[in-house]
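# Working through the structure, step by step
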Amino acid sequence: DAGITQSPRHKVTETGTPVTLRCHQTENHRYMYWYRQDPGHGLRLIHYSYGVKDTDKGEVSDGYSVSRSKTEDFLLTLESATSSQTSVYFCAIMPGDTDTQYFGPGTRLTVL
Amino acid sequence: QQQVKQSPQSLIVQKGGISIINCAYENTAFDYFPWYQQFPGKGPALLIAIRPDVSEKKEGRFTISFNKSAKQFSLHIMDSQPGDSATYFCAATYGNKLVFGAGTILRVKS
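Here is a short report on the structure shown in this document. In this numbering scheme, every chain counts its residues from 1 along its sequence in written order. To read the labels, note that chains go from A and ligands from 1, taken in the order they are written. In view of the model being predicted, local features appear only for residues whose pLDDT reaches at least 70, and side-chain atom pairs are presented and counted only at 80 or more, with totals across whole chains, interfaces and linings using the full set of residues. To obtain the side-chain values, all non-hydrogen atoms of the structure were included, while hydrogens and water were left out.

So, on to the sheet that holds strand β7 (residues 64-70) of chain A. All names here are of chain A. The criterion for strand pairing is that DSSP finds at least two bridges linking the strands in question. Under the DSSP-based scheme used, a helix requires at least four consecutive residues in state H or I and a strand at least two consecutive residues in state E, with every element numbered from the N terminus. Strand order in the open sheet made by the four strands is β1-β3-β8-β7, with antiparallel pairing throughout. Both outer strands of the open sheet, β1 (4-7) and β7, are each paired with one neighbouring strand and no more. Neighbour to neighbour, the strand axes of the sheet diverge by 20° on average, direction disregarded. Pairing between β1 and strand β3 (residues 19-25): four bridges, direction antiparallel. Counterpart to Ile 4 in the pairing with β3 is Gln 25. Throughout, an axis means a line fitted to C-alpha atoms (over the contacting stretch in the case of helices), and angles, computed between N-to-C directions, take values from 0 to 180 degrees.

All names here are of chain A. A pair is scored as a salt bridge if a Lys or Arg side-chain nitrogen falls within 4 Å of a carboxyl oxygen belonging to Asp or Glu. Evaluation of the coordinates by the stated rule reveals eight salt bridges over all chains. In this structure, Arg 22 engages Asp 73 in a salt bridge whose closest nitrogen and oxygen atoms are separated by 3.1 Å. Of this pair, Arg 22 sits in strand β3 while Asp 73 is found in strand β8 (residues 73-78), placing the two residues 51 residues apart along the sequence. Given a relative accessible area of 33%, Arg 22 falls into the partly exposed group. Only protein chains enter the calculation, and the probe is 1.4 Å; a residue is then buried if its accessible area is under 20% of its type maximum, exposed if over 50%, and partly exposed in between.

Turning next to the side chain of Thr63(B). Considering the arrangement of structural elements, one finds Thr63(B) in strand β7 (residues 62-67). What makes two residues a contact is simply this: any of their non-hydrogen atoms within 4.5 Å. Residues within four places of Thr63(B) in sequence aside, it is in contact with Glu56(B), Lys57(B), Lys58(B), Ser74(B), Leu75(B) and His76(B).

In short, the description is geometric, and any link to function would need to be established separately.
Okay, here's the thing in structure tokens:
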């Protein structure tokens, strides 16, 4: 998985609770991404980062925030989880000398 | 329009047959077109990619055909094997962002 770890790998939570997902990379790549995967939609970009403290919104950013205080870590936070945020979340990195993104193993989140 | 349309949604092919998945796009600013393969419980993995100045790229049993004027590209899997059973996504890059198709679930029957 291109030196990418995601934690937790599985999480079940209640509606209204805050949730933070962590993506960790070992290669110090500048670009990091968060996607969600839902049947019939492929993968959709939530937020991405192009450096420490530099982030921008993607296609489906409502209800999500991100933070990147260190090059190696990119955090995705659901401030108040809703059932519509039940999904599989993938982190990706993009090495600086390529257009290719490499994906982590994913986090399956269930919001009851 | 930042969309990539992928078809079919699912595909069943006999072992040894050819699997064909098609994608179409509108945004001519897209400049890189990767295909990803995903097995259950795993993250997507890059399979093969092409740039719009090339009409075809082949890697082993996998071939991308690219038609720039029609804004279409396709993945061909020759001699399909049961181990190829997976979900395949086409994608397109603009800037530093990827846009994905909805995916095709491929099943190869032995």
